[in-house]
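These are the residues of each chain, in order.
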Amino acid sequence: MAEVLIKVGVPEYDAKICAEVLITADKSGIDSHGFNRLKPIYFDRIKEGILNPVTNFEVVRESPATAVVDGHNGMGHVIAKRSMQIAIDKAKKTGMGMVAVRNSTHYGIAGYYALMAAKENMIGITGTNARPSIAPTFGVENMLGTNPLTFGMPTDEDFPFLLDCATSVTQRGKIELYARQGKDVPKGWVIDENGESKTNAQEILKDLVAEKAALAPLGGVGEDTAGYKGYGYAAVVEILSAALQSGSYMKMLLGYENGKKVPYPLGHFFIAIDISAFTEPEEFKHITGNILRELRASKKMPGQNRIYTAGEKEHLAWLERKNKGLAINESLQKDIIQLVKELGITGYSFPFLNK
């Protein structure tokens, strides 16, 4: 992944950051945000001229505990990692640090940045807006992005607490993965202009861009299953990602202007909270671990033999994949073959390269 990005103009140091974030998703079992997105999201957008391979990272406003960054449509992973590091550094001095970012781009899995803080005995929080996908409750028009609201916290266990999920029932990356696998998506994930469920993954991806389909917010369509909660949280993330740094929002993030592709000027926010400003980190981690252990040990539903806590499945995926590697579906194999041939990349021995 790093070599592909270097070939299209991303500096080597930055390319390795991007690859690290992407491969972290695959290690964690989050296939929708890993290698699957190298070509359609990053490679293609650089080639189309709507993503700057060289990142101009600019701090435009700053206080002891806060900063505002302009990423100038550079590599989102690079912008995000530097921004969270600024928040962490400020938290070490003031107890809390927050950075708001404008004119960034897709930054991969939000959990990567929350875990940066968790590794420093801090609570990490991050969110980002995205191109419109979610319809508001009782609406059918895609207005809000999938807008993840993500928390990372250290524990005394082998893995941290990590809640990294979209504020929609699903996210575009999962539908992209279903499309690659030739599978239909479950009913209730996506609605059309009449509020009816859509299930054909290929059609959904086209209709989302054409604004003829929308994702349901967390909780689902309407109020009966509390879809207004996901809708509300998506709006919170949109406001914190855009209004806090005077940036772009909702329909301004469609990626088209006068019928031509343009950058997606995304906004992010990053918060680091130094646990030692409140209590001893080891005590925090022990109590957090106890909370998680008691949740997992609670009474199970009939037919179920296990309860998970956030971050546990990702840890288990890594324990399996660190020895077995990553399964590469046929669609992704074709992408890799194309990239290898187009960029003249050598030195890799994937068995499918000879197809």
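See the structure above.
The structure contained in this document is the topic of the report that follows. As the structure is a computational prediction, the values presented were derived from the model and not from experiment.

## Brief notes about the packing of helix H4 (residues 76-94) against helix H5 (residues 111-118)
Running from N to C, H4 and H5 point in directions that differ by 25°, and their axes come no closer than 10 Å. Here H5 runs roughly parallel to H4, going by the angle between their axes. Crossing angle aside, the handedness with which H4 passes H5 is right-handed. Of the residues in H5, those touching H4 at Gly76, His77, Ala80, Lys81, Met84, Gln85 and Ile88 are Tyr112, Tyr113, Ala114, Met116 and Ala117. Split into classes, the residues belonging to the contact of H4 with H5 amount to 8 nonpolar, 3 polar and 1 charged.

## Overview of the pairing of strand S12 (residues 266-274)
Across the 9 residues that make up S12, a large majority, 9, are buried. The two faces of S12 match: Leu266, His268, Phe270, Ala272 and Asp274 on one face and Gly267, Phe269, Ile271 and Ile273 on the other face are all buried. Summarising the sheet, strand S3 (residues 96-104) and S12 pair through 7 bridges and their orientation is antiparallel. Its bridge partner lying in S12, Ala100 is registered against Phe269. The pairing of strand S4 (residues 122-128) with S12 spans 7 bridges and is classified as antiparallel. From the neighbouring strand, Met122 faces S12, where its bridge partner is Asp274.

## A short note on the environment of Ala210
Among the structural elements, Ala210 can be located in the loop between helix H7 (201-209) and strand S9 (213-215). Of the residues examined, Ala210 reaches a relative accessible area of 41% and is grouped as partly exposed. Considering only alpha carbons, one finds Ala210 and Gly222, 12 residues apart in sequence, at a separation of 23 Å.

## Description of the pattern of salt bridges
Throughout the structure, instances matching the rule amount to 21 salt bridges. Among the ionic pairs, Glu141 bridges to Lys251, the shortest N-O distance being 3.1 Å. Separated by 110 residues along the polypeptide, Glu141 in the loop between S4 and strand S5 (149-153) and Lys251 in the loop between helix H8 (227-242) and strand S10 (256-257) bring together distant segments of the chain. Assessed through its relative accessible area of 41%, Glu141 is described here as partly exposed. With a shortest N-O distance of 2.4 Å, Glu157 and Arg296 are connected by a salt bridge. One end of the pair, Glu157, is in the loop between S5 and strand S6 (161-163); the other, Arg296, is in helix H9 (residues 281-296), and 139 residues separate them in sequence. One exposure class covers both Glu157 and Arg296, and it is buried. Through salt bridges with shared partners, a single network forms among Asp156, Glu157, Arg293 and Arg296.

## Remarks on the packing of aromatic side chains
The final tally for this structure, using the stated rule, is 7 aromatic pairs. Ring centres of Tyr107 and Tyr113 lie 4.9 Å apart, and the angle between their planes is 35°; this geometry places the pair in the tilted category. One exposure class covers both Tyr107 and Tyr113, and it is buried. On the numbers, 6.0 Å between centres and 80° between planes, the contact of Tyr113 with Phe270 is edge-to-face.

## Describing the sheet that holds S3
Strand pairing in a sheet relies on backbone hydrogen bonds, with the paired strands running either antiparallel or parallel. Reading across from one edge, S1-S2-S3-S12-S4-S5-S6 is the order of the 7 strands in this open sheet, with mixed pairing throughout. Taken across any chain shown, the strands that pair with only one partner, and hence form the sheet edges, are strand S1 (58-62) and S6. Each adjacent strand pair in this sheet contributes to an overall mean axis angle of 15°, direction not counted.

## Looking at the packing of helix H2 (residues 12-27) against H4
Relative orientation of the contacting elements H2 and H4 amounts to 85°, with a least axis distance of 8 Å. For the element pair H2 / H4, the angle class is roughly perpendicular. In this structure, H2 contributes Asp14, Ile17, Cys18, Glu20, Val21 and Leu22 to the contact, and H4 contributes His77, Val78 and Lys81. Residues that form the contact of H2 with H4 fall into these classes: 5 nonpolar, 1 polar and 3 charged.

Criteria and thresholds
- Residues numbered from 1 in each chain as written.
- Predicted model: local features only at pLDDT ≥ 70, side-chain atom pairs only at ≥ 80, totals over all residues.
- Heavy atoms only, no water.
- Axes fitted to C-alpha atoms, helices over the stretch in contact; angles between N-to-C directions.
- Helix = DSSP H or I, 4+ residues; strand = E, 2+ residues; numbered from the N terminus.
- Parallel < 35°, antiparallel > 145°, perpendicular 65-115°, else oblique.
- Left-handed = near helix turned anticlockwise from the far one by under 90°.
- Contact = heavy atoms within 4.5 Å.
- Nonpolar A, V, L, I, M, F, W, Y, C, P; charged D, E, K, R; others polar.
- Buried < 20%, exposed > 50% of the residue type's maximum accessible area, 1.4 Å probe, protein only.
- Pairing = 2+ DSSP bridges.
- Salt bridge = Lys/Arg side-chain N within 4 Å of Asp/Glu carboxyl O.
- Phe/Tyr/Trp six-rings, centres within 6.5 Å; stacked < 30°, edge-to-face > 60°.

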